[in-house]
Amino acid sequence: MKIGVFIPIGSRGWLISTTSPKTMPSFDLNRTVVQRAEHYGLDFALSMIKLRGYTGPSEYWVHNLESFTLMAGIAAVTRRIQLFASVAVLTMPPPLVARMAVTIDSIAPGRFGVNIVTGWQPKEYQQMGLWPGDAHFARRYDYVSEYVQIMQELWTKGRSDLKGDFFQMDDCLLSPQPSGHIPIVGAGQSDRGMRFVAEYGDYNFVGAPGLNAPQAPRAVLDRVGAAVAATGRDVGALLLLMIIADETDEAAFAKWDHYKAGTDLEALQWQATQAGADSKAQEGSTASNLMSVIQDPQPTGIFKLIGSYASIARMLDEIATLPGLKGVMLTFDDFIIGMEQFGEHIQPLMKSRQGSGVTE
Ligand SMILES: NC(=O)c1ccc[n+]([C@@H]2O[C@H](COP(=O)([O-])OP(=O)(O)OC[C@H]3O[C@@H](n4cnc5c(N)ncnc54)[C@H](O)[C@@H]3O)[C@@H](O)[C@H]2O)c1
Ligand SMILES: Cc1cc2nc3c(=O)[nH]c(=O)nc-3n(C[C@H](O)[C@H](O)[C@H](O)COP(=O)(O)O)c2cc1C
Ligand SMILES: C/C(=C/NC(N)=O)C(=O)O
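In this text, all values refer to a predicted model and were calculated from it rather than measured experimentally.

Undergrad: Could you give me a rundown of the pairing of strand β11 (residues 325-332), with the residues and numbers involved?
TA: Successive side chains on a regular strand alternate, one facing one side of the sheet and the next facing the other. Most of β11 sits inside the fold, with seven of its eight residues counted as buried. Bridge count between strand β1 (residues 2-6) and β11: four bridges; the pairing is parallel. Paired with V5 across the bridge in β11 is L330. Pairing analysis gives seven bridges linking strand β9 (residues 236-246) to β11, with the strands arranged parallel. When the bridges of β11 are listed, L241 appears paired with L330.

Below, the structure written as structure tokens:
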């Protein structure tokens with residue numbers, strides 16, 4: 001099972017709470033997290049792109065670095081780990097992003113890939129006059145299908161003449177070309193999003209509901225499997241999860257209870273309102289789920305493993321056996337402490353990671 005880390009490029013990491021660690025993004029923090037991940041033999045690191053945070057006292061994601069420039073810096077100070085940057089496709093034309101990817105590939109040959117972000121929070125784009133209107137929700141995966149085809153033509157042939165509904169290339173050139181294949185990842189949770197990744201991507205990041213429920217991701221993995229089966233391509237599913245660990249189950253749950261006590265309701269309301277802008281969101285989708293979370297609020301809906309090092313290692317081993325799963329991407333409550341706990345105490349107990357571990 002591959003293991004990666006979703007690095008803390010935005011304030012508060014992934015906990016919408018006033019009592020969670022007050023993570024502030026910096027190059028130094030993210031470099032340290034990725035270098036320690038590399039030290040412990042992790043396979044990849046991904047940074048998101050977020051252009052506006054939530055309202056509310058936790059200042060969730062209010063402070064955010066930019067994904068490609070951060071990963072370029074990290075590429076220069078790492079040697080083995082695979083790196084992914086995220087592109088908000090409404091903000092940059094595909095030939096430019098293709099060239100940025102080639103540039104990072106020349107810093108870290110064969111180690112760079114791109115996460116395609118269609119955009120779900122209108123305000124991120126409205127604030128800079130780039131939101132095409134809510135019709136974008138319905139067409140977002142048609143848009144990115146053209147976007148990725150252009151990048152892939154430029155990477156493999158050095159030229160694109162694609163004439164589409166959204167983009168018109170005219171003898172568009174790219175040189176130099178990358179050292180090899182540049183993987184495309186996406187996090188489509190809707191049927192259409194999963195189809196896009198199955199058609200053009202290499203990995204689909206997925207979320208699942210649940211706390212200490214290692215079988216819960218089966219349903220979403222089956223959906224990715226069905227989308228991939230329809231294309232016959234080799235596309236893996238990577239599960240997003242959060243680890244909150246300590247020496248005992250009780251100590252770990254005490255931390256979760258503490259974060260829950262500070263749940264930022266104003267920020268959750270913001271999230272629900274932004275997600276709710278997609279009035280035609282598929283039933284059961286992330287967007288429609290997020291409109292109802294206010295009934296039972298908590299600092300994150302991300303799939304969680306909370307407990308002692310041994311409990312978490314045991315649950316990760318069970319997750320590793322789920323059909324269709326290629327790997328997991330970790331988030332932590334505190335990224336510095338969490339990465340060390342994972343590398344020193346959890347991974348060494350995992351049967352599914354025998355042979356992985358400290359690399360230097
Ligand atoms: N339309 C979209 O694509 C869209 C919309 C809003 C948010 N998002 C992103 O998705 C993320 C949240 O999604 P997720 O990973 O939690 O998956 P999810 O929305 O599929 O949620 C998983 C489960 O947890 C519940 N849940 C989610 N957040 C909760 C909360 N704060 N309190 C209580 N229950 C909660 C949901 O109702 C659902 O049952 C956010 O980080 C947000 O950035 C995407
Ligand atoms: C692991 C992961 C990473 C994501 N990264 C980003 C991101 O960087 N920026 C962003 O705006 N949305 C991001 N998203 C949201 C997705 O791009 C997508 O909007 C969401 O999962 C809903 O899927 P759908 O478009 O198929 O409905 C991410 C989601 C997941 C699970
Ligand atoms: C960046 C991002 C992450 N989603 C998640 N489920 O963690 C987003 O949705 O914007």
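Let's pick the thread back up.
Undergrad: Residues and numbers for the packing of aromatic side chains, please.
TA: Tallied over the full model, the rule gives 18 aromatic pairs. On the numbers, 6.1 Å between centres and 55 degrees between planes, the contact of F44 with F205 is tilted. With F44 in strand β2 (residues 44-46) and F205 in strand β8 (residues 203-206), this residue pair connects regions lying 161 residues apart in the sequence. Considered together, F44 and F205 belong to a single accessibility category, that of buried residues. Seen in terms of ring centroids, F196 and Y200 are 6.0 Å apart; in terms of plane orientation they differ by 35 degrees. Their pairing is tilted.

Undergrad: Break down helix α11 (residues 309-320) for me, citing the residues and quoting the values.
TA: Taking 1.5 Å per residue as the helical rise, α11 with its 12 residues ought to reach 16 Å, and the 16 Å between its terminal C-alpha atoms agrees with that figure. The elements touched by buried residues of α11 are β9, α8 (249-261), β10 (304-308), β11 and α12 (335-346).

Undergrad: Outline the confidence of the model for the chain, listing residues and values.
TA: Mean pLDDT over the chain works out to 95, with 98% of the residues at or above the 70 mark. Across the interfaces of the predicted complex, the ipTM metric reaches 0.92, alongside a pTM of 0.95.

Undergrad: Got a sec to walk through the site of ligand 3? Specific residues and values, please.
TA: In the vicinity of ligand 3, the contacting residues are F6, W14, M48, K50, W61, W120, L240 and I302. In this structure, an oxygen atom belonging to ligand 3 sits 3.3 Å away from a side-chain N or O atom of W14. At a separation of 2.8 Å, an oxygen atom of ligand 3 approaches a polar side-chain atom of K50. Notes on ligand 3: free accessible area 290 Å², of which the protein chains cover 66%. Split by residue class, the shell around ligand 3 holds seven nonpolar, no polar and one charged.

The rules behind each value
Residues numbered from 1 in each chain as written. Chains lettered and ligands numbered in written order. Predicted model: local features only at pLDDT ≥ 70, side-chain atom pairs only at ≥ 80, totals over all residues. Heavy atoms only, no water. Buried < 20%, exposed > 50% of the residue type's maximum accessible area, 1.4 Å probe, protein only. Helix = DSSP H or I, 4+ residues; strand = E, 2+ residues; numbered from the N terminus. Pairing = 2+ DSSP bridges. Phe/Tyr/Trp six-rings, centres within 6.5 Å; stacked < 30°, edge-to-face > 60°. Expected span 1.5 Å × (residues − 1). Contact = heavy atoms within 4.5 Å. pLDDT = per-residue confidence, 0-100. Near = heavy atom within 4 Å. Polar contact = N/O pair within 3.5 Å; in protein donor to acceptor, adjacent residues only side chain to side chain. Areas by Shrake-Rupley, 256 points an atom, 1.4 Å probe, with all protein chains shown as cover. Nonpolar A, V, L, I, M, F, W, Y, C, P; charged D, E, K, R; others polar.

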